[in-house]
Amino acid sequence: MSNKFRDLVPGILLLAATIFVVAIFPTPLSNAQAVSLQEQLAAQYKLAKMGSDSSGWSIVEEGTLLSIQKGGIKGSPYKTSFTRSATFQDGTVHAAADPASGKAGDIKNKLCGVFKKCPTTPDAVNDESTTKLFAKGDKVYATKIDVGVDKDTVTMAIVACDTCNKTDPPTYNKANVVFVFPKGTLATASAGQVEDTIGTLLSISTDDAKQADNGQQGGDQQQGGDQGGGQQGGQQQGGQQPAAQEQPQAEPASIDKGMTTDQVQAAMGKPDKIVNLGTKTIYYYKDMKVIFLNSKVSDVQ
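Residues numbered from 1 in each chain as written. Predicted model: local features only at pLDDT ≥ 70, side-chain atom pairs only at ≥ 80, totals over all residues. Heavy atoms only, no water.

**Description of the state of the cysteines**
Quick reminder of the rule: Disulfides are defined in this document as cysteine sulfur pairs within 2.5 Å. Each residue is assigned to one of three classes by its accessible area relative to the maximum for its type, calculated with a 1.4 Å probe on protein chains only: buried under 20%, partly exposed between the two thresholds, exposed over 50%.
Tallied over the entire structure, the rule returns one disulfide. The disulfide that involves Cys161 links it to Cys164, with 2.1 Å between the sulfurs. Taking the torsion about the S-S bond as the criterion, the Cys161 to Cys164 disulfide, at about 60°, is right-handed. Cys161 gets classed as buried once you look at its relative accessible area, which sits at 2%.

Written as structure tokens, this is what we have:
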């Protein structure tokens, strides 16, 4: 063994030992799994679940309620075999060709027996050709979200909230909305950027929060009425009594920059959802989301 090679042996052994240690004991950074865009969108948009029985299809589990901000999405009853699609690109909705005619219709007729039973009765055939344009303000739920990074698309399957839209009889119209992003941008886009694009067409509705607030207010008013009735009855029985002092209104909950997660929970209560992204944590409430960096509030949206 030459002296030169003998001098290299310690360095080779040190390098081999370093590689072995890294392989056996990976660093926290290499061991941590990045949260995918699909998972972050799933945390932001709770999916509704559909089910069917002898009476037909219905929503068996509600999801995040969305409000349509622009017209142009064409849907069809949930029980139909084909789901119509619309593309949203550069702020504009583009409805796909109607599958009931032309080449699209020929393809649909060939595939209906592969994926679902082909319609045979007159009513079923009529349902297949029935369409409904979603109007601005209509309420829908997401039932599926697919992220296609290679195609720079996010596809969201939606179904109408018929009770919200006062649709009777219910049809639960469905559609697929394909959000198209500039080529090569989706791979590096943040969840917030994607949510902003989705929100220009399908914004998260505040109706759920309003209903909860109204229900709370109604309960408070009813309770106040009951107490008022009891006080009046007591005055009639025991003569005049001094009027009950009005209770001072509670200070509204507030969130300040720099507050800790414990302080936010003490002020706002337990969040509906929590998403952990390493040093970044997001608390989701019904009408807002609180963003923490290193366990301290950095932004409120």
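Having seen the structure, we can now continue with the description.
**A closer look at the pattern of salt bridges**
Note that side chains of opposite charge can pair when their charged atoms are close. For clarity, the cut-off: Within this document, salt bridges are pairs made up of a side-chain nitrogen of Lys or Arg and a carboxyl oxygen of Asp or Glu, the two lying within 4 Å of each other. A run of DSSP states H or I qualifies as a helix once it reaches four residues; a run of E qualifies as a strand once it reaches two. Both are numbered from the N-terminal end.
Enumeration according to the criterion identifies five salt bridges in this entry. Between Lys46 and Glu61 there is a salt bridge whose closest N-O contact spans 3.9 Å. Highlighted residues: Lys46 in the loop between helix H3 (37–44) and strand E1 (49–53) and Glu61 in strand E2 (residues 56–61), separated in sequence by 15 residues. Taken together, the salt bridges that share partners define one network made up of Lys46, Lys49 and Glu61.

**Notes on the sheet that holds strand E3 (residues 65–68)**
Backbone-to-backbone hydrogen bonds join strands into a sheet, with any given pair of strands oriented parallel or antiparallel. The test is simple: The pairing criterion for strands is at least two bridges between them, as found by DSSP. The angle between two axes is taken between their N-to-C directions and runs from 0 to 180 degrees, where each axis is a line fitted to C-alpha atoms and a helix contributes only its stretch in contact. What makes two residues a contact is simply this: any of their non-hydrogen atoms within 4.5 Å.
Strand order in the open sheet formed by seven strands is E6-E5-E10-E9-E8-E3-E11, with mixed pairing between adjacent strands. Both edges of this open sheet fall to strand E6 (92–95) and strand E11 (202–204), since each of them pairs with a single strand only. Here the average twist between neighbouring strands, direction ignored, is 40°. In terms of strand pairing, E3 meets E11 through three bridges, oriented antiparallel. Looking across to E11, one finds that Ile68 is bridged to Leu202. Across the sheet, H3 is in contact with strand E8 (139–148), strand E9 (153–160) and E11; its angle to E8 comes to roughly 170°.

**Notes on the sheet that holds strand E14 (residues 289–293)**
Taken in spatial order, the four strands make up an open sheet running E12-E13-E14-E15, and their pairing is antiparallel. At either margin of the open sheet sits one strand with a lone partner, and together these are strand E12 (273–277) and strand E15 (296–300). Neighbour to neighbour, the strand axes of the sheet diverge by 25° on average, direction disregarded. Where H3 meets the sheet, it contacts E12, strand E13 (280–284) and E14, and its direction lies at approximately 160° from that of E12. Sitting on the sheet, helix H9 (residues 261–268) is in contact with E13, E14 and E15, with an inclination near 5° to E13.

Such coordinate-based values are descriptive only and should not be taken to indicate function.
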